[in-house]
Amino acid sequence: MEAILAGLTDILVPSTLGLVVAGTIVGVFVGALPGLSSSMAVALLLPFTIYLEPIPAIAMLSALYCAGTFGGSITAILINAPGAPPAAATAFDGFPMAQKGQAGRALGMAAVASVIGGLFSLIVLILAAPALARIAYQFGPPEYFALTLFGLSMLASISGKSATKNLIGGAFGVLIATVGVDLTTGVERFTFGVPELYEGISFIPVLIGLFAIAELLKQAAEVGKPVTAIGLSAIRLPSLQDFKRVWATIARSCGIGTFIGILPAEGSTVAAMIGYNEAKRWSKNKDNFGKGEIEGVAGPEAANNAATGGPWCRRWPWASPAPRPRR
Amino acid sequence: MFRHWRDLTPGLVILAVIAALFAVTTTFATVPAAFAQGMQATAMPRLVLGTIALLTILMVLQGRGTAEPDRAPVPWPVWATVAVLALAAALFQMLGTTLVVFLVGLILPTLWGERRFGVVALYALSLPAAIYGVFSIILQLRLPQGILDGVL
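This is a predicted model, so every value here is computed, not measured.

### Quick notes on the overall build of chain B
Per the secondary structure count, chain B includes six helices and zero strands. For chain B, the sequential pattern of α-helices and β-strands runs α-α-α-α-α-α. A compact globule built from 152 residues should have a C-alpha radius of gyration of about 15 Å, whereas chain B, at 23 Å, is more than 25% larger. Principal-axis analysis of the C-alpha atoms gives chain B an extent of 55 × 55 × 25 Å.

Have a look at this one:
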């Protein structure tokens, strides 16, 4: 308790709070820009922290990272182009809500779910970080294989009515991941002599191609058709009725996000996808998913922000790898 | 006869792509077994390609007996947009980010029927300027500028 109070005393200084606010604003802005993720934003701002004391610097970068994770949902909801990979799942239902004139409701839910997810992850980080770090380092190849298999199996139900088509799409995703130099053998695969492909195709160009270009072509097909202007209400907090509908989804996603977040090599994007899938699986309104269901916004947003605290567990001194059990 | 095979056309296209990509995997180099750790570079792509082929055949079989739904033909602006984007991608190395964004911003709205040329020009100028300002000036990220490399 003393440590928590000491930490609060260090944070609740006007200059540190000012840096947190600045980090949040820059994080939301950068997160909303398609092509820049919160991790890249942290990397870009890292040189500026040379002139800062460690605590304000860590506070600012943490705010930047969390805000960047939320920021991606703004463009995902408004223009169907996720600003950052973790917001991809938010676009599935956020954009249809915006098309129905409920962009404000979707943005409000994204903000609230993100805050709850982030706070939950913070509390878990404070209370159980050493234990979680040890669990994370117990994860070996069999556990990762099981998690990957679980992730791929989710594709069967994540969208549309045809599980086979979803799995074909997922398999093409895995195929894209094989592009580049094979890490084990050093052999080039599907690079066609293009140097830019040696390191593979990163997630952001694929995301922009799948969401933004697809939306652009969809808009091209609508050229000449009369459109109805839809009133766009400003950001507003979800109603009590919305909360009653999504509280279980947010609670579930908080747990999922925190667990996925502590695993090395996993992160907010995987957490958001699993959060979305679980929101759909447990929802009473399954058929409404993909058409503008508010649970489809709350689930991934709570999960991707809950995953932001996890990586800190592994960065602390207590997170030194425990001896691996012999397999 | 083929009217009652829903997904047959996309299925055949996918299978053709799979066959072409499988042929590409035959060009991959091999390394001595000791370095490969039991799995050559071709193994994973071929496994994935085989999985996609099996799933595609399953998809086609699932669509058997169901008629292909009537779809409206793809309107010409879609093809024109695809052509402009493909051209932009092809010219990207030579012209650079700023010039390509300017040209796409100028051509696409005009192609889509916008006739307020002043607005189009303003949009075409302000979009690359905003991107240049945010990425190159504020965030200090170097964007490839092609023929404008010495200027920007």
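### Here we look at the interface of chain A and chain B
Interface size is commonly expressed as the accessible surface area that is lost when the partners come together. Counting from both sides, the interface comprises 23 residues of chain A and, opposite them, 30 residues of chain B. Elements with a contribution of two residues or more to the side of chain A that touches chain B: helix 8 (163-177) and helix 9 (203-221) of chain A. For the side of chain A that touches chain B, the residue count by class is 15 nonpolar, five polar and three charged.

### Topic: the nonpolar core
Generally speaking, a soluble globular protein has its nonpolar side chains buried in company with each other. Residues Leu 64, Ile 77, Ala 106, Met 109 and Ala 271 of chain A are the most contacted members of the largest nonpolar core, which totals 70 residues. It is helix 6 (residues 103-138) of chain A that provides the largest number of residues to this core, a total of 15 residues. Apart from the residues lying within four places of it in its own chain, the contact partners of Met 109 of chain A are Pro 238, Asp 242, Val 246, Ile 294, Val 297 and Ala 298 of chain A. If you look at the next biggest cluster of nonpolar residues, it comprises ten residues, including Leu 49, Leu 55, Met 59 and Val 60 of chain B.

### What to know about the confidence of the model for chain A
Counting all residues, the mean pLDDT for chain A is 82, and 89% of those residues have values of 70 or more. Across residues 318-327 of chain A, confidence stays below pLDDT 50; counting only partners more than four residues off in sequence or on other chains, it has eleven contacts.

### Concerning unusual backbone geometry
With phi around 65 degrees, Asn 80 of chain A is a residue other than glycine that occupies positive phi space. Phi is positive for Asp 7 of chain B, close to 70 degrees, though the residue is something other than glycine. Among the secondary structure elements, Asp 7 of chain B is positioned in the segment before helix 1 (8-25).

Criteria and thresholds
Residues numbered from 1 in each chain as written. Chains lettered and ligands numbered in written order. Predicted model: local features only at pLDDT ≥ 70, side-chain atom pairs only at ≥ 80, totals over all residues. Helix = DSSP H or I, 4+ residues; strand = E, 2+ residues; numbered from the N terminus. Rg over C-alpha atoms; globule rule 2.2 N^0.38 Å. Contact = placed C-beta atoms within 7 Å. Nonpolar A, V, L, I, M, F, W, Y, C, P; charged D, E, K, R; others polar. Core = buried A, V, L, I, M, F, W, Y, C linked by C-beta atoms within 7 Å. Buried ≥ 20, exposed ≤ 12 C-beta atoms within 10 Å, placed from the backbone. pLDDT = per-residue confidence, 0-100.

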